[in-house]
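Each chain is listed here by its residues.
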Amino acid sequence: MQVPPFSLSEQIQELGAALDQAVLEVLRSGQYIGGATISRFETDFATACGVPHAIGCNSGTDALILALRGLGIGPGDEVITASFSFFATAEAISAVGAMPVFVDVEESSYLIDLDQLEAAITPATRALLPVHLFGRPVDMERVCAIAERHGLKVVEDCAQATGASWAGRPVGSWGDVGCFSFFPTKNLGAAGDGGAITCRDAELAQVIRELAVHGMPRRYLHTALGYNSRLDAIQAAVLTVKLPHLGRWVDRRRAISALYRQQLAGLGGVHLPEAGPTGHSWNQFVVRVPGTPSGVKACAVACSGSNQAAACVSSTDSADFGLPEACCRDWLKQQLQNAGVSTIIYYPIPIHRQPAYDELGYGPGSLPITERLCSEVLSLPIFPELSVDQQQQVIAVLGQLVGAAQPAVAA
């Protein structure tokens, strides 16, 4: 049995009739852009996020761009964020003409190091952009306190964290704006691209809404240079059907992650993610596969089998982008694939080492924890419909591949 990293087949089967009806209603209505279907979803999503305003848009990337533009951030401004994220986090900052300033992350949480974030603030800093990576929320009470001390805006990157919360409040309700992605693999996924911006301020919401439709407050009047970034009605219909199920899907993700942590706790050579706060929504379950401190390949010392050490080869990404050696992680990924378990690497190359940002001058070792994580992380299969048998297959294969010679790190 092949275990995929993510699958929508059972979800589509479960909700198929409701999805078919919702999509057909839109098709038959002839109202594909704007209209009641969009308004209903925006209202429902705003309520779910604990804010008065939600604006649908084309993608999570556009959500970030629109949020930054709405806050007036542009050329000459700096925005502090993490490099250990999907490229769009920084790309959006650059797209509005501002400069991304990268700081390192905490090894234990994978999240932006808030001590380093505050230390990186300069007179040019205009905003903080924390990323709720893999569904784990950043400490938003502390982020907001830092922002208040320095007079800064806060843009939450919630792309992977729909359904997550910090201190009982949904992500996307803490900062000035929250930015969500509805890419199909997210906790709440559309049938294509989609995104949304959440906020509490009515005036800001109106500015963002106008920017999303060519800077147009009314038909054919353009008061700003905007974008064509609208959530279409078919995607809104799909999301409206799925939204009531988000809570139980996140609960299921939490149960899967808890079982992984329980049954993989004795493995050597694999470091498990922390349990994290109660509001963690577990979009991904990301383990680390590091080499040993002495430099000996972990796959040579922690695993059995005559051919396994020889199969551990140097990583091209490590050599090409000045990163720590990723051979152990890459070896385990391939062995799992050979045994029927598919995994994904989020992310093999950090943003600050991407060729697109060479001009910023972040050399090898400039963000050491981020760079080391990119050589170690591996995401195991996790999605609400992952069956008990599938998860037990993942656990059993890992147990066969990785011995207990070294205790795993789990908190």
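Residues numbered from 1 in each chain as written. Predicted model: local features only at pLDDT ≥ 70, side-chain atom pairs only at ≥ 80, totals over all residues. Heavy atoms only, no water.

Asker: Sorry if this is basic, but what is going on with the confidence of the model for the chain here?
Answerer: When pLDDT is averaged along the chain, the result is 93; 93% of the residues meet or exceed 70. Here residues 292-296 is modelled with pLDDT under 50, and outside its nearest four sequence neighbours on either side it reaches five contacts, counting other chains as well. A low-confidence stretch, residues 405-411 stays under pLDDT 50, and its non-local contacts, those more than four residues away or across chains, total 19 contacts. (pLDDT = per-residue confidence, 0-100. Contact = heavy atoms within 4.5 Å.)

Asker: I'm lost on the nonpolar core in this one. Help?
Answerer: Taken as a class, soluble globular proteins show a tendency for nonpolar side chains to be buried jointly. In this structure, Phe84, Val155, Val177, Tyr260 and Leu332 are the most contacted members of the largest nonpolar core, which totals 95 residues. Top element by residues in this core is helix α3 (residues 60-70). It accounts for six residues. When sequence neighbours within four positions are dropped, the list of residues in contact with phenylalanine 84 reads Val105, Tyr110, Leu133, Phe134, Tyr346, Tyr347, Thr370, Leu373, Cys374 and Val377. Residues Leu19, Phe182, Ala233 and Ala237 belong to the second largest nonpolar core, which totals 31 residues. (Core = buried A, V, L, I, M, F, W, Y, C linked by side-chain atoms within 4.5 Å. Buried < 20%, exposed > 50% of the residue type's maximum accessible area, 1.4 Å probe, protein only. Helix = DSSP H or I, 4+ residues; strand = E, 2+ residues; numbered from the N terminus.)

Asker: Would you take a moment to explain unusual backbone geometry for this structure?
Answerer: Residues other than glycine predominantly adopt negative phi, and peptide bonds predominantly adopt the trans conformation. Here the residue pair tyrosine 346 and tyrosine 347 is connected by a cis peptide bond, since its omega of 10 degrees sits within 30 degrees of zero. Position of tyrosine 347 relative to the elements: it lies in the loop between α12 (327-338) and α13 (368-376). Positive phi, normally seen in glycine, also occurs at phenylalanine 134, with a value near 60 degrees. In this fold, phenylalanine 134 is placed in the loop between β4 (125-129) and α6 (140-150). Despite not being glycine, histidine 214 shows a phi value in the positive range, around 65 degrees. Summarising the element assignment, histidine 214 is placed in the loop between α7 (202-211) and α8 (233-242).

Asker: What is the right way to look at the sheet that holds strand β9 (residues 195-199) in this model?
Answerer: By definition, the strands of a sheet pair up through backbone hydrogen bonds, in either a parallel or an antiparallel sense. Taken together, the seven strands give an open sheet; going across it, the order is β1-β9-β8-β5-β4-β2-β3, and neighbouring strands pair in mixed fashion. Unpaired on one side and paired on the other, β1 (53-57) and β3 (99-103) mark the two borders of the sheet. Averaged over neighbouring strand pairs, the angle between their axes works out to 25 degrees when direction is ignored. As paired elements, β1 and β9 share five bridges and run antiparallel to each other. Along β9, the bridge assignment pairs cysteine 57 with glycine 195. Across the sheet, α3 is in contact with β1, β2 (78-82), β4, β5 (153-157), β8 (177-181) and β9; its angle to β8 comes to roughly 165 degrees. On the sheet, α7 packs against β1, β8 and β9 and is oriented at approximately 10 degrees with respect to β1. (Pairing = 2+ DSSP bridges. Axes fitted to C-alpha atoms, helices over the stretch in contact; angles between N-to-C directions.)

Asker: So what exactly am I meant to see when it comes to the environment of arginine 200 here?
Answerer: Assignment of secondary structure puts arginine 200 in the loop between β9 and α7. If near-sequence neighbours (up to four positions away) are discounted, arginine 200 is found in contact with Val51, Pro52, His53, Arg169, Ser173, Trp174, Gly175 and Asp176. Of the polar contacts made by the side chain of arginine 200, one reaches the backbone oxygen of tryptophan 174; its length is 3.4 Å. For arginine 200, the side chain forms a polar contact with the main-chain oxygen of glycine 175, separated by 3.0 Å. (Polar contact = N/O pair within 3.5 Å; in protein donor to acceptor, adjacent residues only side chain to side chain.)

Asker: Help me out: how do you make sense of the pattern of salt bridges in this one?
Answerer: Where charged atoms from two side chains of opposite charge come close, those side chains can pair. Here the structure, examined in full by the defined rule, presents 13 salt bridges. The shortest N-O distance in the salt bridge between arginine 126 and aspartate 77 comes to 3.1 Å. In this pair, arginine 126 is assigned in strand β4 and aspartate 77 in the loop between α3 and β2, connecting sequence segments 49 residues apart. For arginine 126, a relative accessible area of 29% gives the class partly exposed. Classification of aspartate 77 as buried rests on a relative accessible area of 12%. (Salt bridge = Lys/Arg side-chain N within 4 Å of Asp/Glu carboxyl O.)

Asker: What is the right way to read helix α1 (residues 9-29) from this model?
Answerer: Given 3.6 residues per helical turn, the α-helix brings residues three or four places apart onto the same face. Of all bends in α1, the biggest is about 70 degrees, found at glycine 16. Along α1, the residues that are buried comprise Gln11, Leu15, Gly16, Leu19, Ala22 and Val26. Here the buried face of α1 lies against α2 (36-49), α8 and α9 (246-263). The first or second residue beyond α1 is glycine 30, which carries a positive phi of 75 degrees. (Bend = angle between axes of the 7 residues up to and from the residue.)

Asker: Explain the packing of α3 against α7 here, please?
Answerer: Contact geometry for α3 and α7: axes closest at 9 Å, N-to-C directions at 125 degrees. Considering their axes alone, α3 and α7 lie oblique with respect to each other. The interaxial crossing formed by α3 with α7 has right-handed handedness. Residue-level inspection shows Leu66, Ala67, Arg69 and Gly70 of α3 in contact with α7, the latter providing Leu204, Val207, Ile208 and Leu211. (Parallel < 35°, antiparallel > 145°, perpendicular 65-115°, else oblique. Left-handed = near helix turned anticlockwise from the far one by under 90°.)

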